[in-house]
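So the chains spell out like this:
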Amino acid sequence: MLDKINKYIGEVAQFNATKINEIENFRVKFIGSKGIIKNLFGEFKDVPNNEKKLVGKALNELKNAAAEKVKTSIEALESAQGEKGIYGDLTRPGAPVEIGARHPISIVKNKIAAIFSRIGFTVSEGPEIEDDWHNFTALNLPEYHPARDMQDTFFVEKNPDLLLRTHTSSVQVRYMNEHKPPIRIISPGRVFRNEDISARAHCIFHQVEGLYIDTDVSFADLKQTLLYFTKELFGKSKIRLRPSFFPFTEPSAEVDIYWGLETETDYRITKGTGWLEIMGCGMVDPNVLKNANIDSEKYTGFAFGMGIERIAMLLYQIPDIRMFYENDVKFLEQFKAES
Ligand code: PHE
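Given the structure is predicted, the values throughout are model-derived calculations rather than measurements.

The rules we used
- Residues numbered from 1 in each chain as written.
- Predicted model: local features only at pLDDT ≥ 70, side-chain atom pairs only at ≥ 80, totals over all residues.
- Heavy atoms only, no water.
- Helix = DSSP H or I, 4+ residues; strand = E, 2+ residues; numbered from the N terminus.
- Rg over C-alpha atoms; globule rule 2.2 N^0.38 Å.
- Buried < 20%, exposed > 50% of the residue type's maximum accessible area, 1.4 Å probe, protein only.
- Near = heavy atom within 4 Å.
- Polar contact = N/O pair within 3.5 Å; in protein donor to acceptor, adjacent residues only side chain to side chain.
- Areas by Shrake-Rupley, 256 points an atom, 1.4 Å probe, with all protein chains shown as cover.
- Nonpolar A, V, L, I, M, F, W, Y, C, P; charged D, E, K, R; others polar.
- Domains from an automatic or database assignment.
- Core = buried A, V, L, I, M, F, W, Y, C linked by side-chain atoms within 4.5 Å.
- Contact = heavy atoms within 4.5 Å.

Counting its regular elements, the protein chain contains 12 helices and 10 strands. Against the 2.2 N^0.38 benchmark of 20 Å for 339 residues, the protein chain shows a C-alpha radius of gyration of 41 Å, more extended than a compact globule. Each of the three principal axes of the protein chain carries a C-alpha extent, and together these read 125 × 50 × 40 Å. Sorting the 339 residues of the protein chain into buried and exposed places 43% on the buried side.

As structure tokens, this is what we get:
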């Protein structure tokens, strides 16, 4: 009998199953109510007394080994299925993927860049921390010039001055230093001014600068370029240029587009005039060309600068400039279709 039990112990140790029904058959065969172990216990009463101790011990060993084998086999099978389960049911529909939206400032910036790239302008960017020369002096704004007060400046360091650029016109200076005419660039970027924050103004905002320098560039070229741009971006084909002043352009102008007076909103945003100011522009002052070592007798050019937030507010009827910086998902996700 002892031999028989040891043979079964060996069989249990050898058992190895890959399918659940194999494990079930094994269980029925050994531990089932009519199984081997039950039978062996039945035979135990016939074992001679002097052998009972040894046989009993072996029988218990077989019983425990069989139970343990069933348990470990089921666990092994489950974990193997779990691995396959990473992919699960390959025919089920995919989980919906949330698509992000581009920020409205980026959307408008990209639109402006695309419009100007069609007439040969490339994008050039510059640093946000500038020195006095690139932000002011080279742009015909010498020290103590009263026009410096037009843009309240955040200083990073004094003497020599380092500051947060107050406009993207500083990129003009950098580009002219490194490139010979003809020059045709736009420069989008972030600018900083020490201004009170309100629905219409912020101390951080974005501008796109434009610069065109070549022989025989005239004010008429500037006007046609702006007309093309406003038609492309707003679908509006009436603009007017109001005389203005910028130290780096002469003559200078403020550009208005005719928005119309069709709705109540039109009345409100144009203050009943139908006209909206969208940017500043002018012919590059000869002093600016001289500062960049460009022959101002041979070359002329025009420049313009516009606020991206202002344009985005018009295009998407955004009532408050602060909405651009709050990162409210409910606001941002409305631009998915435009991205
Ligand atoms: N730099 C001017 C501003 O920030 C805009 C401008 C750019 C005007 C180029 C004329 C020419 O207000």
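Glancing now at the site of the ligand. Taken together, 14 residues sit near the ligand, with His 167, Ser 169, Arg 193, Gln 207 and Glu 209 positioned nearest. Here an oxygen atom of the ligand and a side-chain polar atom of Arg 193 are 2.8 Å apart. Its free accessible area being 330 Å², the ligand has 93% of it covered by the protein chains. Listed by contribution, the elements that provide at least two residues to the shell around the ligand are strand E6 (204–214), strand E9 (275–284) and strand E10 (300–307). Counting residues per element, the shell around the ligand draws most heavily on E10, at 3 residues. In the shell around the ligand, the residues fall into 5 nonpolar, 7 polar and 2 charged.

This brings us to the domain arrangement of the protein chain. Taken domain by domain, the protein chain comprises domain 1 (2–87) and domain 2 (104–333). For domain 1 and domain 2, the distance between their C-alpha centroids amounts to 85 Å.

Moving on to the nonpolar core. Of all hydrophobic cores here, the largest spans 43 residues; its most connected members are Ile 112, Phe 304 and Met 306. Every element with two or more residues in this core is listed here: helix H5 (104–117), E6, helix H8 (219–234), strand E8 (249–258), E9, E10, helix H11 (308–316) and helix H12 (329–332). Residue contributions to this core peak at 7 residues, all from H5. In contact with Phe 304, other than residues within four places in its own chain, are Phe 116, Ile 186, Val 208, Glu 209, Gly 210, Leu 226, Met 279, Gly 280 and Cys 281. Core analysis: the second largest hydrophobic core is formed by 22 residues, Phe 136, Val 173, Leu 289 and Ala 303 among them.

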